[in-house]
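Below are the chains, spelled out letter by letter.
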Amino acid sequence: MDKVLECKVIKIENEKILKDFKEVIVREYPLTIILNGKKLATLLCSPKKLKELAVGFLRTERLIEDLKDIKTINLDEDLGVIYVETLNKNLKRESFYSKKIDLNSIEDFEDTSLAASNFLTSVNCESVRSDLKLNINKIFQFMKKNLDYSSVFKETGGVHCVALCDRENILVINEDVARHNALDKVIGESLEKEIYLKDKIVILSGRVSLEMILKCAKLNIPIIISKSAPTSLSVALAKMLNITLVGFVRGNKMNIYSGDERIDY
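Numbers given to residues run from 1 along each chain, matching the order in which its sequence is written. With pLDDT at 70 or above as the cut-off, local features in this predicted model cover only qualifying residues; side-chain atom pairs require 80 or more to be listed or tallied, and sums for whole chains, interfaces and linings still use all residues. Calculated side-chain values reflect all of the structure's heavy atoms, with hydrogen atoms and water omitted.

- Per an unreviewed UniProt entry, the chain carries the name Formate dehydrogenase accessory sulfurtransferase FdhD and comes from Candidatus Sarcina troglodytae.

Some remarks on a nonpolar patch on the surface
Now for step 1: Judged by side-chain polarity, V4, V24 and V26 come together as a nonpolar surface patch covering roughly 210 Å² of accessible area.
Now for step 2: For V4, the position within the fold is in strand β1 (residues 4–13).
Now for step 3: The classification of residues rests on relative accessible area computed with a 1.4 Å probe and restricted to protein chains. Under 20% of the type maximum is buried, over 50% is exposed, and intermediate values are partly exposed. On the basis of relative accessible area, V4 is assigned to the partly exposed category, the value being 43%. Exposure above 30% relative accessible area and the lack of any salt bridge qualify a residue for a patch; like charges then connect within 9 Å, and the nonpolar side chains Val, Leu, Ile, Met, Phe, Trp and Tyr within 5 Å. To measure how exposed things are, a 1.4 Å probe is used in the Shrake-Rupley method; for residues, cover is taken only from the protein chains shown. The term salt bridge refers to a pairing of a side-chain nitrogen on Lys or Arg with a carboxyl oxygen on Asp or Glu at a separation within 4 Å. Starting at the N terminus, helices and strands are each numbered in turn, a helix being any DSSP run of H or I of at least four residues and a strand any DSSP run of E of at least two.

Topic: unusual backbone geometry
Now for step 1: Although it is not a glycine, N36 adopts a positive phi angle of roughly 50 degrees.
Now for step 2: Along the chain, the position of N36 falls in the loop between β3 (29–35) and β4 (38–45).

Observations concerning the side chain of R262
Now for step 1: Summarising the element assignment, R262 is placed in the loop between β13 (253–258) and β14 (263–264).
Now for step 2: Charge assignment in this entry is limited to Lys and Arg as positive and Asp and Glu as negative, and neither His nor the chain termini are counted. Put simply, R262 is tucked away with no salt bridge, and the nearest opposite charge, on E261, sits 4.5 Å away.
Now for step 3: Only 3.4 Å separates the side chain of R262 from the backbone oxygen of P222, close enough to count as a polar contact.
Now for step 4: Here T244 takes part through its side chain, which lies 3.0 Å from a polar atom of the side chain of R262.
Now for step 5: Beyond its immediate chain neighbours, meaning those up to four positions away, R262 contacts V128, S130, L132, K133, L134, P222, I223, N242, I243 and T244. In the analysis that follows, any N or O atom pair within 3.5 Å is treated as a polar contact, provided that within protein one partner can donate a hydrogen and the other can accept it, and provided that, for residues neighboring in sequence, both atoms belong to side chains. Contacts are assigned to residue pairs with any non-hydrogen atoms lying within 4.5 Å of each other.

Looking at the environment of C45
Now for step 1: Structurally, C45 can be placed in strand β4.
Now for step 2: When sequence neighbours within four positions are dropped, the list of residues in contact with C45 reads R27, E28, Y29, L31, L50 and L53.

Concerning the sheet that holds strand β6 (residues 81–86)
Strand pairing in a sheet relies on backbone hydrogen bonds, with the paired strands running either antiparallel or parallel.
Now for step 1: Strands sit in the order β4-β3-β6-β5 across an open sheet of 4 strands; the sheet is mixed. The open sheet has two edge strands, β4 and β5 (70–76), and neither has a second partner. This sheet shows a mean twist of 20 degrees between the axes of neighbouring strands, independent of strand direction.
Now for step 2: Looking at chain direction, β3 and β6 are connected through 4 bridges and run parallel. Bridge pairing in β6 links L35 to V84.
Now for step 3: Each of β3, β4, β5 and β6 touches helix α1 (residues 50–60); the most contacted strand, β4, lies at about 120 degrees to it. Two strands qualify as a pair provided DSSP detects at least 2 bridges between them. Interaxial angles span 0 to 180 degrees and are taken between N-to-C directions of axes, which are lines fitted to C-alpha atoms, for helices over the stretch in contact.

This is the structure we're talking about:
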């Protein structure tokens, strides 16, 4: 399975607009680990060396010590499932931590793999309804302010910044070594300040994964803007949940991956 795929976007650069521009995006692949007949975790990953990923995950979770602990391991790449049977059936999981995604047909998307389609169909989240519109110049302004916010980033390049905005101003902004944590901090501070999250905009400094889209969708946030790239599953989920997704906002250019009706350009 290819690690990248093509996606049609609206590309804006130097005030020129190119519709149906073909952009290459990284493929995000859902791999579900079934351990001794029970679902253990769903990892969102690149679709290469999947057996190695599963073994490494089991080892770092201290569920195995080495390969000798594994009786059988079988991968169904089409379904996105890897079946692992260990010699010890009574594994202790008191301290178990996983990247398990608790998710219970998508159209107009380039990734038609069965694993991706099945995974997205299981998403239990309502579409975002919003009439919010944002001027393209505000996108550039918000991104610059977000990137200029963190002195730690300027010194180290080691943190992500996330901002919550309305149509005119940044309302909350936070940093963290993990982009998911930075977003959670913004959401938490917004709740503390009693800021109504619906019809707001999220500005990200880092890559947009499916989990970032899902966090925003659950809060009815209609517009997500990033300096970096989205993954294939994040684009698919944004389209599925009616979220406007803008990426590669750098200088005077950007790509609109979904929901361009909310952008005035």
